[in-house]
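# Structure at a glance
The residues making up each chain are set out below.
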Amino acid sequence: MIGSLTQRRTVVVAGNPNTGKSTLFNALTGGNVKVGNYPGITVERHVGTLRLPDLSTAELVDCPGTYSLSARSREEFLALEAVAGLPPIGRPDLVVVVVDATQITRNLYLTLQIIELGLPVVVALNMFDQLPAAGMTIDVETMARTLGVPVVPVVARDGTGIDGLKRQIAALLHAPQRARPKWCWQPTDARLRADIDAVSARVPDAWADGDLERRDAIALWALLSLDDDDELQDVPVALRTAVGERRAAADAAGRELEREIIQGRYAWIDSHEPAFLRQTRQVNRFSDRIDRVLLHPAAGFVLFLAIMTFLFQALFTLADPLIGWIEDAFALGQSGLRSVLAPGLFADFLVDGVLAGIGAFVVFLPQILILFLFLGIMEDSGYMARVAVLMDRVMRAMRLNGRAFVPLLSGYACAIPAILATRTMDRQRDRLLTMLVIPLMTCSARLPVYGLLIAAIVPGGDGAPLRQGLLMTAMYVFATLMALVVALVLGRTMLKGPRVPLVIEMPPYRLPQARVVLRSMWQQGREFMTKAGTIILACSIAMWLLLTFPRDVTLSRDYSAERATLESASIVAAGAAAEDIQERIAALDAEELGERTRASYAGRIGHRIEPALVPLGFDWRVGIGILGAFAAREVFVSSMGIVFGIGSDADPEDAVLRARLRAATWPDGRTLFTPLMCLSLMIFFALACQCMSTLAVIARETRGWRWPAFTFVYMTALAWLLSLAVYQGGHALGFG
Amino acid sequence: MATLDDVDVGSSMTLVSLHGARTLRRRLMELGLLPGTQIRLVRKNHLGGFVEVEVRRSRVSLRLTEARNLHVTGVTT
């Protein structure tokens, strides 16, 4: 074997966004991709295996799409780190630069920057088939000679030219000395040359890797990237100081360093491009006709809202039956498992702990897949760039990115897919801020809780449906306003970021490719199941343990004896009498479950936290419900069913449950579930982070427990304070 | 001399100078919006607060407020 482990080659795929880079990456790897992380940052690193015609293999790394290696943020710095292979990543053996043939001029800017780094480069001239439609012709051979690097025309979508590209990669990997390209643009101006030399001397040796040209290339990068308010913490102070001094001197002399460098490269492109590129005719872009509608000041927004409405509807209507099937399948599995296992603690653990815990994260899958289907289509078609622009003004008012709109909207269905959807944003700060407010959106799991409580506040009768509906709407409006307020406050304090200009390319519209969209959907789903799923399963088992143990509690009645008596009576009974006995056994089971739960660790915690709950109008039994709701908010309803002794399968419409709640009192005889207390409880559910899956996913996405801990604390504090204000304020005004 | 935000849609013009924050200027220049470049204003959306320009065969959107930093000359419709 040629490709032994000792000489594992690394090939980086770089390019502008929207050049079909991911499609090419998948075409080269055959879709066999591992998703990891870049060191020190939560940006996905896609790595695949490239099989070359000579039977050797190389590791293929997908670099995030970028227009330039220049950086201001940590995320942008990744481009230089990955392409140059700064430590600890290690220098790649080859860089494949993906160039959109129809946008060649702008794409060549990045190509020139990469060539300057002195690594062997191959240009994959993608979308070659679209040149005639764009009224352009490119002479590939002349282009390769002009740039000094091999150029391979490809059509990543249908695989045209992929074999040729692989042959070229293999040839270069085996002759790397000859493959080192020369700089295209040479900074010949004496003053700029002096600036580069001064900064070069301060480039860390580990970055320069004993290579003088690479040192100069990094010096140019530093002159473009570093300034007083960049967010690059890994840059040595000496380098930063050198850049600061040279820029200050240049400014004083009326020079503009950035312009000299960028214009130098573009001037080279402008003067050399005509040798291989002809614009044979001007074409009216098809995309312009679409944008005349989709970016229209009035129609554009209306259509955007229509698309969003459709997406939101789909999240419910398409996902609901699937969720139903999953729930049914797990219920069937649970009863099947229970029937083959000997009754006891182990069976309970497998059925109610493990299997229910797996079910707890599998139910999220339909909505995740549907949302990522839509996101994939929006991204691949080019519409997502338009969304970022259309929504910029609205979202920026709340210190959010225009792309935050879709995740926030999805939050009304469920926070889990919504948090995953923040991946469409590049900046970590924008992602984080969006992630932190998504759990405040009224997700569908809150509806059963509201249903139960609203029914308690507004009993049936004339006009009840209308008043119940108004109350439900008020809860939605309230939670949305709170989310906006929190975004504003966090965006101005903890997550205060520099103002980022909005300068984005509007890519031409393209028909989304089923393969690309489905693959990203599949990858997201698989990653959620394996990574976030395990955390959710562990949390579910922990919840089960809290609600089940300790077992050796002293019960007020001898349930087993009473059950045995009833069962022996049922043997001789018949007809109505037998049915009556069965009902009494079920009631007895429910009473026992209620008593055991009240005595469990969760029950004890409920007692322990009661002093904090009493000012909000809740007693310790509601406290157990709040704890139980941590598994999923809708579990509050069945928890109340258990605690109030009617069994674990209560639903919000259950008349017995409603009656029990209405009858519940404090030890001194006051009614527990007064309308004011129910309102306070709804406010609590609107704001508190009663969802371990949300916290698990935030932990997964931020790679740590710091932000989920913050989310939990701020939301619980907010919930407690506002419930307190409502309950105590209502009392002072004479309600309840 | 005019600024990009008060040019009519459909006009072609030459970019004269860029002003404002360094990051904004660098990003614009790296996308090809350099002094001396011919550009065309393709779209202006007041409600959304953005404009779209054609530069070197590609399309770039930017905020109206940021378009004020682009000084242009030779505006022809």
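Residues numbered from 1 in each chain as written. Chains lettered and ligands numbered in written order. Predicted model: local features only at pLDDT ≥ 70, side-chain atom pairs only at ≥ 80, totals over all residues. Heavy atoms only, no water.

### Some points on the packing of helix α3 (residues 104-116) of chain A against helix α9 (residues 212-225) of chain A
Helix packing geometry: the angle between the two helix axes and the distance between the axes. All names here are of chain A. For the pair α3 and α9, interaxial distance at closest approach is 8 Å and the crossing angle is 135°. Here α9 runs oblique to α3, going by the angle between their axes. Contacts between α3 and α9 pair Y109, Q113 and E116 from the former with E213, A217, L220 and L224 from the latter. (Axes fitted to C-alpha atoms, helices over the stretch in contact; angles between N-to-C directions. Helix = DSSP H or I, 4+ residues; strand = E, 2+ residues; numbered from the N terminus. Parallel < 35°, antiparallel > 145°, perpendicular 65-115°, else oblique. Contact = heavy atoms within 4.5 Å.)

### A few points about helix α29 (residues 635-643) of chain A
Residue and element names in this part refer to chain A. For α29, the tally of buried residues reaches 8 of 9 residues, placing the bulk of the element in the interior. Those residues of α29 that are buried are in contact with α22 (447-457), α26 (576-599), α28 (620-628), α30 (655-663) and α31 (675-687). Backbone geometry just downstream of α29 places G645 in the positive-phi region, at approximately 70°. (Buried < 20%, exposed > 50% of the residue type's maximum accessible area, 1.4 Å probe, protein only.)

### Quick notes on the domain arrangement of chain A
Residues and elements named next belong to chain A. Under the domain assignment used here, chain A contains domain 1 (9-179), domain 2 (190-279) and domain 3 (553-595). Averaged C-alpha coordinates put domain 1 and domain 2 at centres separated by 23 Å. Of the residues lining the interface, 32 residues belong to domain 1; the matching set on domain 2 comes to 30 residues. Both faces considered, domain 1 and domain 2 share a buried interface measuring about 3,000 Å² in area, 60% of it formed by carbon and sulfur atoms. Scanning the region where domain 1 abuts domain 2 turns up 5 salt bridges. The shortest N-O distance in the salt bridge between E116 and R265 comes to 2.9 Å. Where domain 1 touches domain 2, the interface holds 13 residue pairs in polar contact (both at pLDDT 80 or more). Contributing elements (two or more residues each) for the side of domain 1 that touches domain 2: α2 (74-85), α3, β7 (136-138) and α4 (140-147). The leading source of residues in the side of domain 1 that touches domain 2 is α3, at 8 residues. Considering only residue class, the side of domain 1 that touches domain 2 consists of 17 nonpolar, 9 polar and 6 charged. (Domains from an automatic or database assignment. Buried area = accessible area lost by both parts, 1.4 Å probe. Salt bridge = Lys/Arg side-chain N within 4 Å of Asp/Glu carboxyl O. Polar contact = N/O pair within 3.5 Å; in protein donor to acceptor, adjacent residues only side chain to side chain. Nonpolar A, V, L, I, M, F, W, Y, C, P; charged D, E, K, R; others polar.)

### So, unusual backbone geometry
Most peptide bonds take the trans configuration, and most residues that are not glycine carry a negative phi. Of the consecutive residues P87(A) and P88(A), the connecting peptide bond is found in the cis state with omega at 5°. Phi is positive for R399(A), close to 65°, though the residue is something other than glycine. Even without a glycine there, the phi angle at R56(B) is positive, about 45°. Mapped onto the elements, R56(B) comes out in the loop between β4 (50-55) and β5 (58-63). On the accessibility criterion, R56(B) (16% relative accessible area) is buried.

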